[in-house]
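Listed below are the residues making up each chain.
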Amino acid sequence: MNINEIQNSKINYIDFDNLDFGQTFTDHMLVCHYREGNWQIPEISPYKPLTLDPSASVLHYGQAIFEGMKAFKDNNGQIWLFRPEENFKRFNLSAKRLQIPEFPESYFFEGLNKLLYLDKEWIKPGQENSLYIRPFVFASQASVQASAANEYIFMIICAPVKSYYTGGEINVLIAEKYSRAANGGVGFAKAAGNYAAQFYPTSQALKKGFQQIIWTDADTHQYLEESGTMNIFFKIKDTLVTAPTNDRILDGVTRKSIIDLAKRKGIKVEERPIKVEEIKLAHQEGTLGEVFGTGTAVIVLPINSFSHQNKTYKLPSKTTLAESLKKSLMDIQYNESDDYFNWRKAVV
Ligand SMILES: *Cc1c(COP(=O)(O)O)cnc(C)c1O
């Protein structure tokens with residue numbers, strides 16, 4: 001691997017106490033080109049803009065996918081990744097669905113480790129800090145032919161982030177018209193276009209005072225699937241329920257970790273389809289407890305209310321379960337508890 005280090009770090013110009021999510025990036029980035037049927041040797045270079053041909057295929061047909069993962073620093077200065085092989089597997093699952101050549105595992109992990117080592121000062125210790133890692137790949141071939149490209153660029157960029165805090169309530173709107181994903185589509189993949197397609201319905205919901213949309217199944221809008229870009233959990237009586245993964249639902253690393261942690265705490269977990277009517281009924285009967293979303297960026301995010309057919313359903317203000325699961329997960333991520341599931345990976 002070629003490494004071209006920066007001359008002068010910009011780290012001293014960064015206000016680490018006031019970071020907007022995903023706006024500030026570290027000193028270095030990793031770039032790897034695919035051409036003539038092969039991934040070339042990756043290169044680490046100073047973070048800088050790209051030069052692209054205006055006909056670059058991604059700009060026209062959106063052939064692009066990404067991942068989102070985090071690195072953490074413990075109180076001894078050791079850096080940890082959380083289940084990174086899950087992100088790598090999902091990266092190539094997404095790539096395959098978008099007809100993008102799969103990326104080699106050794107390049108991914110060697111590149112990531114070297115990049116994190118070079119930018120290690122950007123990862124601050126303490127549970128309020130982490131480094132958000134964004135691997136992505138896009139079609140760079142200069143061509144407006146509507147077919148899979150023969151040239152791609154793989155990159156990893158990293159952003160220091162503070163723990164997610166909205167300061168306000170999370171009131172969500174259950175989708176009745178729009179949908180996020182269809183059967184046989186790309187909902188299970190982190191395909192760039194999935195997110196673009198959510199911006200319009202989400203901004204309509206924001207205008208009405210909601211923070212997010214709960215996506216329902218495209219066919220009937222009767223089943224609850226995901227909340228924004230998070231998986232979603234409902235506590236009904238003493239059971240935690242979440243939708244099963246399928247080709248419309250993103251198989252979240254946080255989702256499956258929360259399921260394992262909840263089971264370990266002795267909580268019953270069910271992965272099964274959940275109807276909107278079921279949670280409305282549970283709300284009416286007083287058996288609907290907490291509702292929360294899960295994802296790498298937020299980890300666990302309690303939801304305060306949901307709305308459906310112009311009616312709002314307030315949720316109990318008690319978020320004990322969400323908080324305890326979040327804490328257990330973060331304690332593992334920051335090396336502050338036993339790693340009983342073997343999820344931590346040291347960066348050396
Ligand atoms: C990334 C993502 C998630 C969460 O996945 P994690 O692996 O937990 O970060 C959930 N839903 C969607 C649509 C996503 O893009």
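Along every chain, residues carry numbers that run from 1 in the direction the sequence is written. Given that the model is predicted, a residue must reach a pLDDT of at least 70 before its local features are reported, and side-chain atom pairs must reach 80 or more before they are shown or counted; all residues, however, enter totals for whole chains, interfaces and linings. To obtain the side-chain values, all non-hydrogen atoms of the structure were used and water was disregarded.

1. Some words on helix α3 (residues 105-118)
- Think of it this way: any DSSP run of H or I at least four residues long counts as a helix, any run of E at least two long counts as a strand, and we number them from the N terminus. Under the convention used throughout, the expected extent of a helix is 1.5 Å for every residue step, that is, one less than its residue count. Taking 1.5 Å of rise per residue, the 14 residues of α3 would be expected to cover 20 Å, and the 20 Å separating its terminal C-alpha atoms lies within 8% of that figure.
- When accessible area is computed with a 1.4 Å probe and restricted to protein chains, residues below 20% of their type maximum are described as buried, those above 50% as exposed, and intermediate ones as partly exposed. Restricting attention to buried positions, one finds in α3 the residues F108, F109, G111, L112, N113, L115 and L116.

2. Observations concerning the environment of F25
- Residue position: F25 is located in the loop between β1 (2-3) and β2 (28-35).
- Between the alpha carbons of F25 and P316 there is a distance of 38 Å; along the sequence they are 291 residues apart.
- Residue contacts are counted whenever heavy atoms from the two residues lie within 4.5 Å of one another. Once you skip the residues sitting within four places of it in the chain, F25 turns out to touch K10, Y47, W122, I157, C158, A159 and P160.

3. Some remarks on the packing of aromatic side chains
- The criterion for an aromatic pair is that two Phe, Tyr or Trp rings (for Trp, the six-membered ring) have centres within 6.5 Å, with stacked assigned to planes under 30 degrees apart, edge-to-face to planes over 60 apart and tilted to the rest. The full count for this structure, using the stated rule, is 24 aromatic pairs.
- Geometrically, the ring pair formed by F25 and Y47 is stacked, given 5.3 Å between the ring centres and 5 degrees between the ring planes. Remark: Y47 occurs in the loop between β4 (43-46) and α1 (57-61) and F25 occurs in the loop between β1 and β2; sequence separation between them is 22 residues.
- Between W39 and F103, the aromatic rings sit 4.9 Å apart at their centres with planes inclined by 85 degrees, giving edge-to-face as the arrangement.

4. Details of the site of the ligand
- Nearness is defined per residue: one heavy atom within 4 Å of the molecule or strand is enough. If you check the shell around the ligand, you find 14 residues, and the closest are K190, Y195, E226, T254 and T296.
- A distance of 2.4 Å separates an oxygen atom of the ligand from a polar atom in the side chain of Y195.
- Here a nitrogen atom of the ligand and a backbone polar atom of T229 are 3.4 Å apart.
- Note that accessible areas follow from Shrake-Rupley with a 1.4 Å probe, and for residues the cover is restricted to the protein chains shown. For the ligand, the accessible surface in isolation is 380 Å², of which the surrounding protein chains cover 96%.
- The site holding the ligand turns out to be the largest pocket.
- Taken together, the elements giving at least two residues each to the shell around the ligand come down to β13 (230-236) and α5 (253-264).
- By residue class, the composition of the shell around the ligand is 4 nonpolar, 6 polar and 4 charged. Polar contact criterion, stated in full: a pair of N or O atoms within 3.5 Å, where within protein one must be able to donate a hydrogen and the other to accept it, and residues adjacent in sequence count only if both atoms are side-chain atoms. Within this scheme a cavity is a closed region of a 1 Å grid, computed over the protein atoms alone, that accommodates a 1.4 Å probe without allowing it to escape, whereas a pocket is open but has protein on both sides within 12 Å along at least five of seven lines; lining residues each have an atom within 4 Å of a point. Think of it this way: if more than half of a molecule's atoms are within 2 Å of a pocket's grid points, that molecule is in the pocket or cavity. Classification used: nonpolar for Ala, Val, Leu, Ile, Met, Phe, Trp, Tyr, Cys and Pro, charged for Asp, Glu, Lys and Arg, polar for all others including Gly.

5. Things to note about the layout of surface pockets
- Grid points are joined across faces, edges and corners, and a volume is the space filled by probe spheres set on the points. The volume enclosed by the largest pocket comes to roughly 970 Å³.
- Lining the largest pocket are 36 residues, and of these Y195, G228, T229, M230 and A297 lie nearest its centre.
- Elements represented by at least two residues in the lining of the largest pocket include exactly β8 (129-139), α4 (192-207), β13, α5 and β16 (288-295).
- Broken down by element, the residue count for the lining of the largest pocket peaks at 7 residues, all from α4.
- Counting contributing residues, the lining of the largest pocket receives three or more from each of domain 1 (2-161) and domain 2 (171-333).
- Forming the boundary of the second largest pocket are 17 residues, of which L173, I174, A175, E176 and K208 lie nearest the centre.
- Put simply, the parts of the chain that give the lining of the second largest pocket at least two residues each are β10 (171-174), α4 and β19 (311-314).
- Looking at the lining of the second largest pocket element by element, the count peaks at 3 residues for α4.
- Residue classes in the lining of the second largest pocket are distributed as 8 nonpolar, 5 polar and 4 charged. Where each domain begins and ends is defined by an automated method or by a domain database.

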